[in-house]
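# What the coordinates show
Next come the chains, spelled out residue by residue.
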Amino acid sequence: MRRSLACLVGLFVALPLGDLAASDARAPDARALDTMVAPDIARMKAEYRRPPLRPPDNPALVALGRDLFFDPVISASGKTACASCHRPELGFAANESRSITDSGRPTQRKTQTLLGIGHARPPFDWDGQHATLEAQGVASIGTGSMSMFATPNEVKVDDIVARLRSDDRYVSKFATALPGRPINLDNVVIALAAFQRSIEPGIAPFDRWVEGDETAISDAAKRGFVLFHTEAACAGCHHGWRFTDDAFHDVGIATKDRGRGAALKHDPRMQFAFKTPTLRSVALRAPYLHDGSAATLRDVIDLYTKGGIDRPSRSPMINPFDLSEQERDDLVAFLHTLTADAVYR
């Protein structure tokens, strides 16, 4: 079933924005639509305009966190860094369905991106299990992906902290960033979180288009943007400049993972629900979804058009709908415009 704004999409496909008022030869109803379409597109674009870049309150703390993020010294083995899974060139994510933890085990879910996470609304992780980035850091180093917890090679957190205390470089950097405070796990994760909050998505072609450069993206991508915001209804969850509502939804995929429902067992809406990911630089980080079960962006689109599994927890925004092959290609073209030349800044 086609959605009611298909006529708007059809007009936009046929008439580039710069030509909307160019001809008096068109039928009267088309000329009337011209006056409606351009403001509508401008309004849609305005919803995705980036906010001003915020300078860090404590640049030395951010610099310390950056050093720790890329240094395997904070893992149990001394071989795994945060960046081993959150790779900058992949949008601070990974391209495996499951990353390998410091203990050699696969992670439970696909690694999430950290792009723009300083603007995100808590709780964090696919299932919202951590109230803060600091709490997530404590769990990762203590018992999670950076640890060898419950293995024969388990290393105590105190031993990891001792490595930092014995390194003159880190002693100096902690003293500068957090004067008078000890080197311990709490302050390690404060520094890591400060760096993560500084990871701003780079300027993408889409951003240049939003700011008025009509040559920044292709006509196919412009059509895809209109579809994204209207007929495909992607913007129901992926809205705002980060393209996420920071909420939890069951999108109807086949899984035994209860997601947010594992913690909220008595909330029927949260069963099989996972946090909406940002779409910034999304083309870099295939495969997709919490379990990496969709190999390509086209696969994700095809999945959503089918409407997913009909169950009580499925989001009311997930329903079957129809898109032509061209429209699906246009959506993919639009999603590629969200990838920045420099992935972060």
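Note: the structure precedes this text.
Model, not experiment: these values are computed from the prediction. (Residues numbered from 1 in each chain as written. Predicted model: local features only at pLDDT ≥ 70, side-chain atom pairs only at ≥ 80, totals over all residues. Heavy atoms only, no water.)

## A short note on the overall build of the protein
If you tally the helices and strands in the protein, you get eleven helices and two strands. Reading the protein from its N terminus to its C terminus gives the helix and strand order α-α-α-α-α-α-α-α-α-β-β-α-α. Out of the 345 residues belonging to the protein, those deemed buried represent 52%. Considering only contacts in the protein between residues 6 or more positions apart, those separated by 24 or more positions represent 68%. Counting only carbon and sulfur atoms, one obtains 57% of the accessible surface of the protein, whose full area is about 15800 Å². (Helix = DSSP H or I, 4+ residues; strand = E, 2+ residues; numbered from the N terminus. Buried < 20%, exposed > 50% of the residue type's maximum accessible area, 1.4 Å probe, protein only. Contact = heavy atoms within 4.5 Å. Areas by Shrake-Rupley, 256 points an atom, 1.4 Å probe, with all protein chains shown as cover.)

## With respect to the packing of aromatic side chains
Enumeration over the complete set of coordinates arrives at 17 aromatic pairs. The residue whose ring lies beneath Lys173 is Tyr170, and the NZ or CZ to ring-centre distance is 5.9 Å. Its guanidinium or amino end placed over the ring of Phe272, Arg311 lies 4.2 Å from that ring's centre, counting from NZ or CZ. (Phe/Tyr/Trp six-rings, centres within 6.5 Å; stacked < 30°, edge-to-face > 60°. Lys NZ or Arg CZ within 6 Å of the ring centre and 35° of its normal.)

## As for helix H3 (residues 59-69)
Within H3, the full set of buried residues consists of Leu61, Val62, Leu64, Gly65, Leu68 and Phe69. Buried positions in H3, seen along its axis, are confined to an arc of 160° and lie on one side of it. As for H3, its buried residues are in contact with helix H5 (157-165), helix H6 (168-177) and helix H7 (185-197). (Arc of directions from axis to C-beta.)

## Considerations on the nonpolar core
Grouped together as the largest cluster of nonpolar side chains are 36 residues, with contacts concentrated most on Leu68, Phe69, Ile74, Ile141, Leu164, Phe174 and Leu192. Where this core is concerned, the elements lending two or more residues are H3, helix H4 (133-142), H5, H6 and H7. At eight residues, the largest contribution of residues to this core is made by H7. Discounting residues that sit within four places of it in the chain, Phe69 has contacts with Ala81, Cys82, Ala83, His86, Phe92, Leu114, Leu192, Phe195 and Gln196. Core analysis: the next-biggest nonpolar cluster, separate from the first, contains 34 residues, Val226, Leu227, Leu289 and Phe334 among them. (Core = buried A, V, L, I, M, F, W, Y, C linked by side-chain atoms within 4.5 Å.)

## A short note on the side chain of Arg50
For Arg50, the location among the structural elements is in the loop between helix H2 (28-46) and H3. Among the residues examined, Arg50 registers a relative accessible area of 14% and is labelled buried. In this structure the side chain of Arg50 is engaged in a polar contact, spanning 3.0 Å, whose partner is the backbone oxygen of Gly202. (Polar contact = N/O pair within 3.5 Å; in protein donor to acceptor, adjacent residues only side chain to side chain.)

## What about H7?
Spanning 13 residues, H7 covers 18 Å between terminal C-alpha atoms, matching the ideal 18 Å at 1.5 Å per step. H7 sits mainly inside the fold: ten of its 13 residues count as buried. (Expected span 1.5 Å × (residues − 1).)

## Section: the packing of H3 against H6
The N-to-C vectors of H3 and H6 enclose an angle of 145°; their axes lie 8 Å apart at closest approach. Along this stretch, H3 crosses H6, giving a crossing that reads as left-handed. Within the contact between the two elements, H3 uses Ala60, Leu61, Leu64, Asp67 and Leu68 and H6 uses Tyr170, Lys173, Phe174, Thr176 and Ala177. When the residues that make up the contact of H3 with H6 are grouped by side-chain class, the tally is seven nonpolar, one polar and two charged. (Axes fitted to C-alpha atoms, helices over the stretch in contact; angles between N-to-C directions. Left-handed = near helix turned anticlockwise from the far one by under 90°. Nonpolar A, V, L, I, M, F, W, Y, C, P; charged D, E, K, R; others polar.)

## Some points on the packing of helix H10 (residues 297-306) against helix H11 (residues 325-336)
Between H10 and H11, the least distance of the axes is 10 Å, while the angle of their chain directions is 130°. For the element pair H10 / H11, the angle class is oblique. Of the two elements, H10 crosses H11, and the hand of that crossing is right-handed. Between H10, through Leu297, Arg298, Ile301, Asp302 and Thr305, and H11, the contact on the second element is made entirely by Glu325, Arg328, Asp329, Leu331, Val332, Leu335 and His336. Residue composition of the contact of H10 with H11, grouped by class: five nonpolar, two polar and five charged. (Parallel < 35°, antiparallel > 145°, perpendicular 65-115°, else oblique.)

## As for the pattern of salt bridges
Evaluated as defined, the whole model comprises 23 salt bridges. Across the pair Arg311 and Asp250 runs a salt bridge whose closest N-O atoms are separated by 2.8 Å. Of the two residues, Arg311 is situated in the loop between H10 and H11 and Asp250 in the loop between strand S1 (248-249) and strand S2 (274-275); the sequence distance between them amounts to 61 residues. Salt bridges sharing common partners tie together Arg298, Asp302, Glu325, Arg328 and Asp329. (Salt bridge = Lys/Arg side-chain N within 4 Å of Asp/Glu carboxyl O.)

## Quick look at the state of the cysteines
In this structure the tally under the stated criterion is zero disulfides. You can see Cys234 has no disulfide; the closest cysteine sulfur is in Cys237, sitting 9.2 Å from it. Relative accessible area serves as the criterion here: at 13%, Cys237 is assigned to the buried category. (Disulfide = S-S within 2.5 Å.)

## As for unusual backbone geometry
Residue Pro123 is bonded to the preceding Pro122 through a cis peptide linkage, with omega at 5°. Going from Ala286 to Pro287, the amide bond is cis rather than trans, its omega being -5°. Considering the arrangement of structural elements, one finds Pro287 in the loop between S2 and H10. Within the chain, Asp246 stands out as a residue other than glycine whose phi angle is a positive 55°. Its place among the elements puts Asp246 in the loop between helix H9 (219-229) and S1.

None of this, on its own, says anything about what the molecule does.
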